[in-house]
Amino acid sequence: MSFALPTVTADAVPEGAPLLDVREPDEWAAGHVEGALHIPIGQVVERVGEITEHAGDERLYVVCKVGGRSAQVTAYLAQHGIDVANVHGGLHAWEDSGRALVSEAGEPFVL
């Protein structure tokens, strides 16, 4: 049985939708989507409760730098019954679509 990974483009993510950023702490500090939940990929399994709480009843969108790590996390979460989608192209695509990023200090940021 094959599994189709739920994937969306950055510009298709609804404004204010729950977003999970699975990059490392230094990547997060440099720039991220305001309001996103940050859980590095290595902590996803142990922190899945936080992830489901963050998503609530909405679809969760997962992002990393270019889409590889977030695809792995999306597959894991989908296989555990969570309504989830990978953001194709990651934060590079997010920025390319004109969507904002902020630094740890809350300043606008460009990758």
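Throughout what follows, the structure given in this document is the object of discussion.

Parameters at a glance
Residues numbered from 1 in each chain as written. Predicted model: local features only at pLDDT ≥ 70, side-chain atom pairs only at ≥ 80, totals over all residues. Heavy atoms only, no water. Helix = DSSP H or I, 4+ residues; strand = E, 2+ residues; numbered from the N terminus. Buried < 20%, exposed > 50% of the residue type's maximum accessible area, 1.4 Å probe, protein only. Polar contact = N/O pair within 3.5 Å; in protein donor to acceptor, adjacent residues only side chain to side chain. Phe/Tyr/Trp six-rings, centres within 6.5 Å; stacked < 30°, edge-to-face > 60°. Lys NZ or Arg CZ within 6 Å of the ring centre and 35° of its normal. Contact = heavy atoms within 4.5 Å. Expected span 1.5 Å × (residues − 1). Pairing = 2+ DSSP bridges. Axes fitted to C-alpha atoms, helices over the stretch in contact; angles between N-to-C directions. Salt bridge = Lys/Arg side-chain N within 4 Å of Asp/Glu carboxyl O.

Brief notes about the side chain of Arg 23
Move 1: In this structure, Arg 23 sits in the loop between β2 (19–21) and α1 (25–30).
Move 2: A residue is classified by how much of its surface remains accessible, and Arg 23, at 3% relative accessible area, is buried.
Move 3: At a separation of 3.1 Å, a polar atom in the side chain of Arg 23 contacts the main-chain carbonyl oxygen of Glu 27.

Considerations on the packing of aromatic side chains
Move 1: Tallied over the full model, the rule gives zero aromatic pairs.
Move 2: Looking at Arg 99, its charged tip hangs above the ring of Trp 94, at a distance of 4.3 Å from the centre.

So, the environment of Glu 50
Move 1: Locating Glu 50 in the fold gives a position in helix α2 (residues 48–55).
Move 2: Classification of Glu 50 as partly exposed rests on a relative accessible area of 36%.
Move 3: Through-space distance from the C-alpha of Glu 50 to that of Ile 39 is 9.1 Å; in sequence the pair is eleven residues apart.
Move 4: Discounting residues that sit within four places of it in the chain, Glu 50 has contacts with Leu 37 and Ile 39.
Move 5: Among the polar contacts listed, one links the side chain of Glu 50 to the side chain of Arg 47, at a separation of 2.8 Å.

Quick look at helix α3 (residues 68–79)
Residues separated by three or four positions in an α-helix point in the same direction, a consequence of the helix having 3.6 residues per turn.
Move 1: Relative to the 16 Å expected for twelve residues at 1.5 Å per residue, α3 spans 17 Å between its end C-alpha atoms, a close match to the ideal helical length.
Move 2: Of all the residues in α3, the buried ones are Ser 70, Ala 71, Val 73, Thr 74, Ala 75, Leu 77 and Ala 78.
Move 3: Residues of α3 that are buried make contact with β2, α2, β4 (60–63) and β5 (84–88).
Move 4: Note on α3: the residue one or two positions beyond its end, Gly 81, has a positive phi of about 80°.

Concerning the sheet that holds strand β3 (residues 37–38)
Move 1: Ordered in space as β1-β5-β4-β2-β3, the five strands form an open sheet in which the pairing is parallel. The sheet is open, and its two edges are formed by β1 (7–9) and β3, each paired on a single side.
Move 2: Here β1 pairs with β5 via three bridges, running parallel. Its bridge partner being in β5, Thr 7 is matched across the sheet by Asn 86.
Move 3: On the sheet, α3 packs against β2, β4 and β5 and is oriented at approximately 170° with respect to β5.

Comments concerning the pattern of salt bridges
Where side chains of opposite charge bring their charged atoms close, a pairing between them can arise.
Move 1: Throughout the structure, instances matching the rule amount to five salt bridges.
Move 2: Arg 23 serves as the salt-bridge partner of Asp 21, at 2.8 Å between the closest nitrogen and oxygen. The pair formed by Asp 21 and Arg 23 is uniform in burial state, with each residue classed as buried.
Move 3: For Asp 83, the salt bridge identified is with Arg 59, shortest N-O distance 2.9 Å. Linking Asp 83 in the loop between α3 and β5 with Arg 59 in the loop between α2 and β4, this pair joins segments that are 24 residues apart in sequence.
Move 4: We classify Asp 83 as partly exposed; its relative accessible area is 41%.
Move 5: On the basis of relative accessible area, Arg 59 is assigned to the partly exposed category, the value being 31%.

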